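Fold and geometry: a report
Each chain is listed here by its residues.
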Protein chains: 2
Amino acid sequence: MSTCLNIPETASLLRDADTVLILTHQFPDGDTLGSGFALCRGLLQLGKKARVACAHPIPERYRYLTEGIHNDFLEPDFICAVDIANAPLLGSLDYYADKVDLAIDHHAVYAEYARYLLRDPEASAAAVLIYQLLIEMGVTLDVPIAEAIYTGIATDTGCFRFSNTNAGAHRIAAALLELPVRYEFINYLMFDMKSRARMTLEQSALAGMLYYFGGRCAVMPITLAQITLAGADKDDLEGVAAIPRQVEGVWVGITLREQEGGCYKISMRSDERVDVAAICAGFGGGGHVRAAGCNVDGTLEQVTGILLEAIARTVPKIGDECAMAP
Amino acid sequence: MSTCLNIPETASLLRDADTVLILTHQFPDGDTLGSGFALCRGLLQLGKKARVACAHPIPERYRYLTEGIHNDFLEPDFICAVDIANAPLLGSLDYYADKVDLAIDHHAVYAEYARYLLRDPEASAAAVLIYQLLIEMGVTLDVPIAEAIYTGIATDTGCFRFSNTNAGAHRIAAALLELPVRYEFINYLMFDMKSRARMTLEQSALAGMLYYFGGRCAVMPITLAQITLAGADKDDLEGVAAIPRQVEGVWVGITLREQEGGCYKISMRSDERVDVAAICAGFGGGGHVRAAGCNVDGTLEQVTGILLEAIARTVPKIGDECAMAP
């Protein structure tokens, strides 16, 4: 059971530490890395030793976060996990799981693995808590710290667009942008930049998009052959599931990703009219009301048919006379 | 010559008006409409009569801005233009050009068509000035006003991503998000939603994308035939020019849009290494350092060749040994 701390208590705990190991989650994203490097730089500024560790190499596009940091091994007297809701997310660093002194997190569901816990599920990102903590500790915001915090907030809010965005996120962004933060460059790296393989894959996936219920449902299959031909890897597939729902008039957007062994991994996105968590639950899956997933066995035609039937059953009015010709 | 006013002076001018006609620019966008309807609602709240006029019909996706507004004809005693840098942008409303009492604008270049002028080129959007003005006038922020201002700021900053974003824009967004503003819905309409014709056009344009200089230059042609086949109109083409530059490793992204009569309309986007304004100036075009355009006559092959030569001349190091195989 973790002991919950507030910001001043957490600051005082960290003030007593000398050598801090900061753990980030596996398959690192902008929030865990932004939080980790902002905290690391803040601690270094206060004259402490600190380093950031991750089970996976830091992806190229996050390299700017590490500029000027000598991330050498050190024997920590304090271990802090950032943006890690449960121990398995440590990945290959899980031998630290029962040694974590402090977890700083913003997830709604949190497993009690650390001794102390600073957590606020209302925070848009873990980086929001890091910002508050660094201010409390008397750290001076400099550009690298501001860019790291900005990265965390921008990543987790989809650049201030997702439903977890709030006034607090914008207030911190305003404070950060008083410094010459490279927000344009950061957002290009986080949101605009696509690998050539991703572009090729998007092109071929869009070519296969089909519309049903007079355009209220868009279905985009992605086959193993398409992935291979495009030379795409796991990273290149991130976010493709959002595409079908982007089409004007679509209530439910479905992406079907072929898996080895004749099964399809389904991702559904919807507008306020459709609860896709309920539809996916019918296939043993789940998720959020407007973004959910499941796995369905069968050929592409079988799986598509099964899903369309389930949608017609759950959302009868999707079959009403349609505004748009197919 | 316009007389320049500050916020309190502008507020006092509007306080003396009874019946206000608010002019927005032709081919209206989220900033002119958001500014217009926020001001209109503010004036109505203060017991005045007001309406918003535009040379073009309000596009469907901006309809939420008008909810509950009876935009009937009225005989104005005061005419105010919002987000309009010069009189021709009034389009078919240009008979008002010499009758405009007040222009509220944030553009760097402004033509002196109005009697009075409230202008701040540092403001991320005209809606920033409207926000400051409404607060000064004692208007109570309600959800429709907040959503209209949010729309203006989000549109002109590309949801807080473009180089005109600043601390002030985030500070106002923080104030707006204290109310239940539907920012997720608004950003979906502004940035995510694409017509089916647009999706089809993107797919076919991506299929024709070619890479040069070892992937440092991406060229995406869009022919008249592709536009016709996709059933795309002018709106569907908005923003396509950003696509080639999105590809990882690309220094210069070029979109070539075929025009009637054997000419291509060129749009170039670049990273910090390339000044595309200079390249386009060589063809009688112009624009910004990182986003510019021009027109070039010839077949697709000729035009591509001419542009690639100009790029190689202007940016010799783009031809250096390349990191990536083509």
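Residues numbered from 1 in each chain as written. Chains lettered and ligands numbered in written order. Predicted model: local features only at pLDDT ≥ 70, side-chain atom pairs only at ≥ 80, totals over all residues. Heavy atoms only, no water.

The next thing to look at is the sheet that holds strand 12 (residues 291–297) of chain B. Residues and elements named next belong to chain B. Taken in spatial order, the six strands of this open sheet run 7-8-9-10-12-11, and their pairing is mixed. The sheet is open, and its two borders are formed by strand 7 (210–212) and strand 11 (286–288), each paired with just one other strand. Put simply, the sheet's adjacent strands are angled 20° from each other on average, direction ignored. Bridge analysis of strand 7 against strand 8 (residues 217–222) gives three bridges, and the strand direction is antiparallel. Across the sheet, the residue bridging to Leu-210 is Val-219, located in strand 8. On the sheet, helix 10 (residues 300–314) packs against strand 7, strand 8, strand 9 (252–259), strand 10 (263–270) and strand 12 and is oriented at approximately 150° with respect to strand 9. (Pairing = 2+ DSSP bridges. Helix = DSSP H or I, 4+ residues; strand = E, 2+ residues; numbered from the N terminus. Axes fitted to C-alpha atoms, helices over the stretch in contact; angles between N-to-C directions. Contact = heavy atoms within 4.5 Å.)

This next bit is on the packing of aromatic side chains. According to the stated counting rule, one finds nine aromatic pairs over all chains in the structure shown. Judged by centre distance (5.6 Å) and plane angle (70°), the ring pair of Tyr-64 of chain B and Phe-185 of chain B falls under edge-to-face. With a gap of 121 residues between them, Tyr-64 of chain B in the loop between strand 3 (49–53) and strand 4 (78–82) and Phe-185 of chain B in helix 6 (residues 183–192) connect regions that are remote in the sequence. Of the residues examined, Tyr-64 of chain B reaches a relative accessible area of 7% and is grouped as buried. With a relative accessible area of 32%, Phe-185 of chain B lands in the partly exposed category. These aromatic residues form a ring-pair network of at least three members: Tyr-150 and Phe-160 of chain A together with Tyr-150 and Phe-160 of chain B. Directly above the ring of Tyr-188 of chain A sits Arg-245 of chain B, whose terminal nitrogen or CZ lies 4.1 Å from the centroid. (Phe/Tyr/Trp six-rings, centres within 6.5 Å; stacked < 30°, edge-to-face > 60°. Buried < 20%, exposed > 50% of the residue type's maximum accessible area, 1.4 Å probe, protein only. Lys NZ or Arg CZ within 6 Å of the ring centre and 35° of its normal.)

With that out of the way, let us pick up the sheet that holds strand 1 (residues 3–4) of chain B. All names here are of chain B. Taken in spatial order, the six strands make up an open sheet running 1-6-5-4-2-3, and their pairing is parallel. Because the sheet does not close on itself, it has two edges, and the strands there are strand 1 and strand 3. Contacts from helix 2 (residues 30–45) reach strand 2 (19–23), strand 3, strand 4 and strand 5 (102–105) within the one sheet, and its direction differs from that of strand 3 by about 170°.

Moving on, we get to helix 6 (residues 183–192) of chain A. Every buried residue belonging to helix 6 of chain A is among Tyr-183, Ile-186, Asn-187, Tyr-188, Leu-189 and Met-190 of chain A, and all of these are buried. Residues of helix 6 of chain A that are buried in the fold lie against helix 4 (143–157) of chain A.

Another aspect to go through is the relation of the copies chain B and chain A. Here chain B sits on chain A after a turn of 180° about the axis and a move of 0.0 Å along it, with an RMSD of 0.1 Å. In short, the pair behaves as if placed about a two-fold rotation axis. The fraction of interface residues of chain B whose copies in chain A are also interface residues reaches 98%, indicating that both copies meet through the same surface. (Least-squares fit on C-alpha atoms with pLDDT ≥ 70 in both.)

All names here are of chain B. The sheet contact formed by strand 8 and strand 9 spans six bridges and is parallel. From the neighbouring strand, Met-220 faces strand 9, where its bridge partner is Thr-255. With eight bridges joining them, strand 9 and strand 10 adopt antiparallel strand pairing. Paired with Gly-253 across the strands is Arg-269, a residue of strand 10. Counting the residues between successive antiparallel strands, the hairpin from strand 9 to strand 10 contains three residues, one of them, Gly-261, with a positive phi of roughly 90°.

Turning our eyes to something else, we now look at the confidence of the model for chain A. For chain A, per-residue confidence averages 94 on the pLDDT scale, and residues scoring 70 or more make up 98% of the total. Taken together, the chains of this predicted complex give a pTM of 0.91 and an interface ipTM of 0.90. (pLDDT = per-residue confidence, 0-100.)

This part takes up the pairing of strand 8 (residues 217–222) of chain A. Residues and elements named next belong to chain A. Within strand 8, six of the six residues are buried, which leaves the element mostly enclosed by the surrounding structure. Both faces of strand 8 are covered, namely the face carrying Cys-217, Val-219 and Pro-221 and the face carrying Ala-218, Met-220 and Ile-222. Linking two consecutive strands that pair antiparallel, namely strand 7 (residues 210–212) and strand 8, is a turn of four residues; a positive phi of about 50° is found at Phe-213 within it.

For the rest of this paragraph, the subject is the pattern of salt bridges. Residue and element names in this part refer to chain A. Overall, the coordinates contain 17 salt bridges over all chains when judged by the stated rule. For the salt bridge of Glu-147 with Arg-182, the shortest nitrogen-to-oxygen distance reads 2.8 Å. Highlighted residues: Glu-147 in helix 4 and Arg-182 in the loop between helix 5 (167–176) and helix 6, separated in sequence by 35 residues. Measuring nitrogen to oxygen at the nearest pair gives 2.6 Å for the salt bridge that ties Arg-273 to Asp-271. Since its relative accessible area comes to 4%, Asp-271 is described here as buried. Taken together, the shared-partner salt bridges connect Glu-67, Glu-147 and Arg-182 into one network. (Salt bridge = Lys/Arg side-chain N within 4 Å of Asp/Glu carboxyl O.)

Time to look at the interface of chain B and chain A. A common way to report how large an interface is uses the accessible area buried once the components associate. Chain B puts 43 residues into the contact, and the matching count from chain A is 42 residues. Approximately 3900 Å² of surface area, both sides summed, lies buried where chain B meets chain A, with 54% of it carried by carbon and sulfur atoms. Its largest share of buried area at the contact with chain A, chain B owes to Arg-161, Arg-196 and Gln-246 of chain B, together 22% of the area lost on that side. Across the contact surface, chain B and chain A share four salt bridges. Two residues, Arg-171 of chain A and Glu-178 of chain B, come together in a salt bridge whose shortest N-O distance is 2.9 Å. Secondary-structure elements contributing two or more residues to the side of chain B that touches chain A are helix 5 (167–176), helix 6 and helix 7 (196–207) of chain B. (Buried area = accessible area lost by both parts, 1.4 Å probe.)

Below, the discussion takes up unusual backbone geometry. With a phi close to 70°, Phe-160 of chain A is a non-glycine residue in the positive phi region. As for its placement among the helices and strands, Phe-160 of chain A is situated in the loop between helix 4 and helix 5. Even without glycine at this site, Phe-27 of chain B takes up a positive phi of about 45°. Summarising the element assignment, Phe-27 of chain B is placed in the loop between strand 2 and helix 2.

With that settled, consider the packing of helix 4 of chain A against helix 5 of chain A. Residues and elements named next belong to chain A. Interaxial distance between helix 4 and helix 5 falls to 10 Å at its minimum, and their mutual angle equals 155°. The angle between helix 4 and helix 5 places the two elements in the roughly antiparallel class. Every pair of crossing elements has a handedness; the one defined by helix 4 and helix 5 is left-handed. The residues of helix 5 that touch helix 4, namely those facing Ala-146, Ile-149, Tyr-150 and Ile-153, are Ala-169, Ile-172 and Leu-176. A per-class count over the contact of helix 4 with helix 5 returns seven nonpolar, no polar and no charged. (Parallel < 35°, antiparallel > 145°, perpendicular 65-115°, else oblique. Left-handed = near helix turned anticlockwise from the far one by under 90°. Nonpolar A, V, L, I, M, F, W, Y, C, P; charged D, E, K, R; others polar.)

The next point concerns the packing of helix 3 (residues 126–136) of chain B against helix 4 (residues 143–157) of chain B. Residue and element names in this part refer to chain B. Direction vectors running N to C along helix 3 and helix 4 enclose 150°, while the axes themselves pass 8 Å from each other. As far as their axial angle goes, helix 4 and helix 3 are roughly antiparallel. Residues Ala-127, Val-128, Tyr-131 and Leu-134 of helix 3 lie in contact with helix 4, whose contacting residues are Ile-145, Ile-149, Gly-152 and Ile-153. Residues belonging to the contact of helix 3 with helix 4 are distributed by class as follows: seven nonpolar, one polar and no charged.

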